[in-house]
Structures are given as structure tokens and as C-alpha cells.
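Working through the structure, step by step
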Amino acid sequence: MDYWVKQQDNVMENRIYDLKKKNDELEKFKFVLEYKVKELKKQLEPRENEVKEMKEQVHEMEAELEQFRKKCTQLDLTISELKLKLKAATKERQKERQRVQDVQAVLHRFKTDLHNCVGFIQEPKKLKESIREIYDRYVQQSDVVEIVGVDADVQREYSRQREHMERNVDSLKKKLAKDIKVHEAKNIKLMKENVFLIKEVNDLRTELRLMRAQIHEYETQRGFSKNKSTTRIKSPSSDSSRLNFEGEAERIIQLQRLEIQRLRQEVLQGQDEGQDQSFVLPSLPSNIKLPALTT
């Protein structure tokens, strides 16, 4: 009995050892499998990302495909419309071509009838009847009404354009009259200033001539003096005073000439401006007379 128990114990121990050994192997195998699972997961994550990206690309491509389908449908509709338009244009061109042929045929018949009508040039009655027949044959009442309607439209447009041009001409005339008055007043003012300056110049020249005569008379009286030395001493002073007076007078005359030249330039400039504005400056009144320059 003891032997059997020991034998059972040995069997159990062996079995327990075997189980522990198998358990260790399973643990090792579990560790290996877990490692492999981790590695597979690591390898699987990029694949999942790639799959996700591929799915997104597939969605985008499906959206683009849908857009292309819509565009194709729209293009098909456009092509159908263009085909219809082309067909209608072809029919219209055929009609126009037929119309041109009809007009050419009518024109040919009209030329033939007109040529036959010319044969009656020496017979007024037959010529009149032939022309009336041609008129009745080729001229229709609708054409006459249409021509009258077109002439009425042209007449209305002509009247409208004429009224517009008349209004423009009236406004330009008013503006021209206003500008003429302004330039006339300016020219009269400049001419009055010129007359005043010329009078001043004449007065200064008269005074200068009188002063020269007085100086000459004074020098003549002083020239017959008996005391030559005194005359010699005093003559330079008289000459210097005479020269100073003449220089002052010449300076005044030169300033007056410059002023006159400036006023003349202003008058010429005003005339140029008047010509640029496409009208002629008015002539000065006849009652304004310029005095003559005295020497």
C-alpha cells in the first residue's frame, strides 16, 4: 500500500514537473507570441494609416468622378444645343440662299423687262404703259409702306439731330458773345492805359526839350562871361547837373518804354488767346485816338 502511494506520489510529482515544464514553455511561447503580436501591431498601424489614406483618396476620386460625370452631362447638353443651333442655322442659310436665288431671278427678269421697255423710248405712250406694267408687276404695296415707314424714321432722327445741333449752336453763340465782351473790356482797358502812358511820355519829352532849351540858353549866357577862370571852375558843375538831369529824364523815358512794351505784349497775348478760342477780338471804338509820339 505504501509502495503504491509512493508510486502515485512519484507519478504526480513527475506529472506536476511535466506540467510546470509545459507551463514554462507556454509562458515562453506566450511571451514570444505577445512580442510577435506587438510587432504585428506596429506593422499593422502604418498599413491602417495607408488604408485610411487610400480610402480618403478613393472618396476624393469618387467625388472627382462625380464632377466629371456632371461635366460630361453638361457637355452632352451643350453639344445637343449646339447641334440644334447648327441645324437651325443650316436651315436659315438654305432659306437665305433660296431667297438670294429668288431675288437674283427677279432681278434678271426685271432687267429683261427693262431692256424690252427701252425699246419704246421713241413711243411715249407705250413707254408709259410698259413702265406701269413693270411697276405693277414688281412693286408691292407692302414694300411702299415699308419704305414710307423707314423715311419717317429717318426724318424724325434728322429732326432730333437738327434740334440738338441748334441748341448747341445757341449755347456756343451765347458763350462767344460773353467772351467777346470780356476781351473787349480788357482791350479797352489796356488801350486806355496805353494812351495814358503815351501822354505821360509826350509830357516828359516836352519837359525834357524845355529843360534842354533852358540849359542851352543858360550855357549861352554863361559862355560870354569875362572871367574865364570862374567859368572854367563852374562849367563842370553845370555840365554835371545837366548830365544828371538828362540821365534822370532818359531813365524815366526808358521805364515808360518798358511799360509800353509790356502792355503791348499783354495786348498781343490777349489777341492770341482770342484766336485760340476760335473768335476774333473786337475792334476798338472809333472815339479812342492815340496821340502821336513827339520827339
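Computed from a prediction, not measured in an experiment: that's the story for all the values here.

Rules of the game
- Residues numbered from 1 in each chain as written.
- Predicted model: local features only at pLDDT ≥ 70, side-chain atom pairs only at ≥ 80, totals over all residues.
- Heavy atoms only, no water.
- Helix = DSSP H or I, 4+ residues; strand = E, 2+ residues; numbered from the N terminus.
- Buried < 20%, exposed > 50% of the residue type's maximum accessible area, 1.4 Å probe, protein only.
- Contact = heavy atoms within 4.5 Å.
- Areas by Shrake-Rupley, 256 points an atom, 1.4 Å probe, with all protein chains shown as cover.
- Phe/Tyr/Trp six-rings, centres within 6.5 Å; stacked < 30°, edge-to-face > 60°.
- Core = buried A, V, L, I, M, F, W, Y, C linked by side-chain atoms within 4.5 Å.
- Patch = residues over 30% accessible without salt bridge, like charges linked within 9 Å, V, L, I, M, F, W, Y side chains within 5 Å.
- Salt bridge = Lys/Arg side-chain N within 4 Å of Asp/Glu carboxyl O.
- Lys, Arg positive; Asp, Glu negative; His and termini not counted.
- Charge placed at Lys NZ, Arg CZ, Asp CG, Glu CD.
- Expected span 1.5 Å × (residues − 1).
- Arc of directions from axis to C-beta.

1. Comments concerning the overall build of the protein chain
Check the secondary structure of the protein chain and you find 4 helices and 0 strands. Across the protein chain, helices and strands are ordered from the amino to the carboxyl terminus as α-α-α-α. In the protein chain, which comprises 295 residues, the share counted as buried stands at 10%. Of all intrachain contacts in the protein chain linking residues separated by at least 6 positions in sequence, the fraction that spans at least 24 positions is 77%. Just so you have it, the protein chain exposes about 26100 Å², and 57% of that area is on carbon and sulfur atoms.

2. Looking at the packing of aromatic side chains
Using the criterion set out here, one finds 1 aromatic pair in the structure. Their ring planes at 90 degrees and their centres at 5.3 Å tell us that Phe-110 and Tyr-138 sit as a pair that is edge-to-face. Taken together, the residues Phe-110 in helix 1 (residues 2-118) and Tyr-138 in helix 2 (residues 124-138) connect sequence positions 28 residues apart.

3. Let's talk about the nonpolar core
Among the nonpolar cores identified, the biggest contains 6 residues, and these are Leu-190, Leu-197, Ile-198, Val-201, Ile-260 and Leu-263. Taken together, the elements giving at least two residues each to this core come down to helix 3 (141-223) and helix 4 (228-276). Residue contributions to this core peak at 4 residues, all from helix 3. Among all residues touching Leu-263, those that are not within four sequence positions of it are Leu-190, Glu-193, Asn-194 and Leu-197.

4. Examining a nonpolar patch on the surface
Residues Leu-107, Phe-110, Leu-114, Val-118 and Ile-121 make up a contiguous nonpolar surface patch of about 430 Å² in total accessible area. Positionally, Leu-114 belongs in helix 1.

5. So, a negative patch on the surface
Among the surface-exposed residues, Glu-50, Glu-53, Glu-56, Glu-60 and Glu-64 lie close enough to one another that they form a single negatively charged patch. Along the chain, Glu-60 turns up in helix 1.

6. Side note on helix 2
With 15 residues, helix 2 should reach 21 Å at 1.5 Å per residue; the first-to-last C-alpha distance of 21 Å fits that figure. Of the positions making up helix 2, those classed as buried are Leu-127, Ser-130, Ile-134 and Tyr-138. Mapping the buried residues of helix 2 onto a view down its axis gives an arc of 65 degrees, with all of them on the same face. Among the exposed residues of helix 2, those pointing more than 90 degrees away from its buried face are Lys-125, Lys-128, Glu-129, Arg-132 and Asp-136.

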